[in-house]
Amino acid sequence: HAAAEEAGGVTCLTTHRVKAPAVLQLARYTDGEYYACHLDNDPRDATAADGPPGMRSIDRAVTAILYPNENPWDAASSGGELRMFFDEGRRTVDVSPAGGRLVLFDSRTVPHEVCASTRERWAISAWLADADE
């Protein structure tokens, strides 16, 4: 069974069996760069099943993002927030990419974007697959 708790208005599941990915992604954003709204496992993506198992976007169950940025990070002046959309876009949660912060969310159900940043912004991403698949 899965236990849930509320964190900032977002329900967090405390149990989900996943397996570690074979690769990580290191992304660097510079002045003004952003990433448009998307799902990490989008069933409408015609290329989602391309590649070997474990490397395909259809295998993604949980997205994990670790921010190795220098602190402090002032989102008001630097931007670069991870914006997640809930309730069919009626509610958003912005997460500052402060150094050492780890964010986890469902790859299949949480649309998200990276807001434009006015300073160098780093993110290490991993996509975890369901353990039973």
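Preceding block: the structure.
**Considerations on the sheet that holds strand β5 (residues 35-38)**
And step 1. Spatially, β5-β10-β7-β8 is the arrangement adopted by the 4 strands of the open sheet, whose pairing is antiparallel. Whereas interior strands pair on both sides, the edge strands pair on one side only; in this sheet they are β5 and β8 (91-95). Across this sheet, the average inter-strand angle for adjacent strands is 15°, counted without regard to direction.
And step 2. Alignment of strand β7 (residues 82-86) against strand β10 (residues 112-114), held across 3 bridges, turns out to be antiparallel. Bridge pairing in β10 places Met-84 opposite His-112.

**Focus on the packing of aromatic side chains**
Each aromatic ring pair is specified by the distance between its two centres and by the angle formed by the two planes.
And step 1. Tallied over the entire structure, the rule returns 0 aromatic pairs.
And step 2. Directly above the aromatic system of Trp-127 lies the positively charged group of Arg-60, at a separation of 4.0 Å from the ring centroid.
And step 3. Over the aromatic face of Tyr-29 sits the side chain of Arg-121, whose NZ or CZ is 5.0 Å from the ring centroid.

**Some points on the nonpolar core**
And step 1. If you look at the biggest cluster of nonpolar residues, it comprises 11 residues: Ile-65, Tyr-67, Leu-82, Met-84, Phe-86, Val-93, Val-95, Val-103, Phe-105, Val-110 and Ala-123.
And step 2. If you tally residues by element for this core, the top one is β7, at 3 residues.
And step 3. If near-sequence neighbours (up to four positions away) are discounted, Val-95 is found in contact with Glu-81, Leu-82, Met-84, Arg-101 and Val-103.

**What to know about the side chain of Asp-42**
And step 1. By secondary structure assignment, the location of Asp-42 is in the loop between β5 and β6 (62-66).
And step 2. In this structure Asp-42 comes out as buried when scored by relative accessible area, which is 15%.
And step 3. Within the structure, Asp-42 has its side chain in polar contact with the backbone nitrogen of Arg-44 (distance 2.9 Å).

**Some thoughts on the environment of Ser-117**
And step 1. Its place among the elements puts Ser-117 in the loop between β10 and β11 (121-130).
And step 2. Apart from the residues within four sequence positions on either side, Ser-117 is in contact with Thr-30, Asp-31, Gly-32, Glu-33, Trp-73, Ser-78, Gly-79 and Gly-80.
And step 3. Of the polar contacts made by the side chain of Ser-117, one reaches the backbone oxygen of Ser-78; its length is 3.5 Å.
And step 4. Within polar-contact distance, the side chain of Ser-117 engages the backbone oxygen of Arg-119 at 2.6 Å.

**Focus on unusual backbone geometry**
And step 1. Residue Pro-72 follows Asn-71 across a cis peptide bond; omega there is 0°.
And step 2. Mapping Pro-72 onto the fold places it in the loop between β6 and α1 (75-78).
And step 3. The phi dihedral of Glu-88 is positive, around 55°, even though this residue is not glycine.
And step 4. Inspection of the secondary structure puts Glu-88 in the loop between β7 and β8.

**Concerning the pattern of salt bridges**
And step 1. For the coordinates displayed, the defined rule picks out 9 salt bridges.
And step 2. Salt-bridge contacts for Arg-83 lead to Asp-94; the nearest nitrogen and oxygen are separated by 2.7 Å. A residue pair is termed long-range when its members are at least 10 positions apart, and Arg-83 in strand β7 and Asp-94 in strand β8 qualify at 11 residues.
And step 3. By relative accessible area, which is 37% here, Asp-94 ends up partly exposed.
And step 4. Among the salt bridges present, the one from Asp-130 reaches Arg-108, with a minimum N-O distance of 3.0 Å. Here Asp-130 is found in strand β11, whereas its partner Arg-108 is found in the loop between β9 (102-106) and β10, with 22 residues between them in sequence.
And step 5. Here the salt bridges share partners, and the residues they tie into one network are Arg-83, Asp-94 and Glu-113.

Cut-offs used in this document
Residues numbered from 1 in each chain as written. Predicted model: local features only at pLDDT ≥ 70, side-chain atom pairs only at ≥ 80, totals over all residues. Heavy atoms only, no water. Pairing = 2+ DSSP bridges. Helix = DSSP H or I, 4+ residues; strand = E, 2+ residues; numbered from the N terminus. Axes fitted to C-alpha atoms, helices over the stretch in contact; angles between N-to-C directions. Phe/Tyr/Trp six-rings, centres within 6.5 Å; stacked < 30°, edge-to-face > 60°. Lys NZ or Arg CZ within 6 Å of the ring centre and 35° of its normal. Core = buried A, V, L, I, M, F, W, Y, C linked by side-chain atoms within 4.5 Å. Buried < 20%, exposed > 50% of the residue type's maximum accessible area, 1.4 Å probe, protein only. Contact = heavy atoms within 4.5 Å. Polar contact = N/O pair within 3.5 Å; in protein donor to acceptor, adjacent residues only side chain to side chain. Salt bridge = Lys/Arg side-chain N within 4 Å of Asp/Glu carboxyl O.

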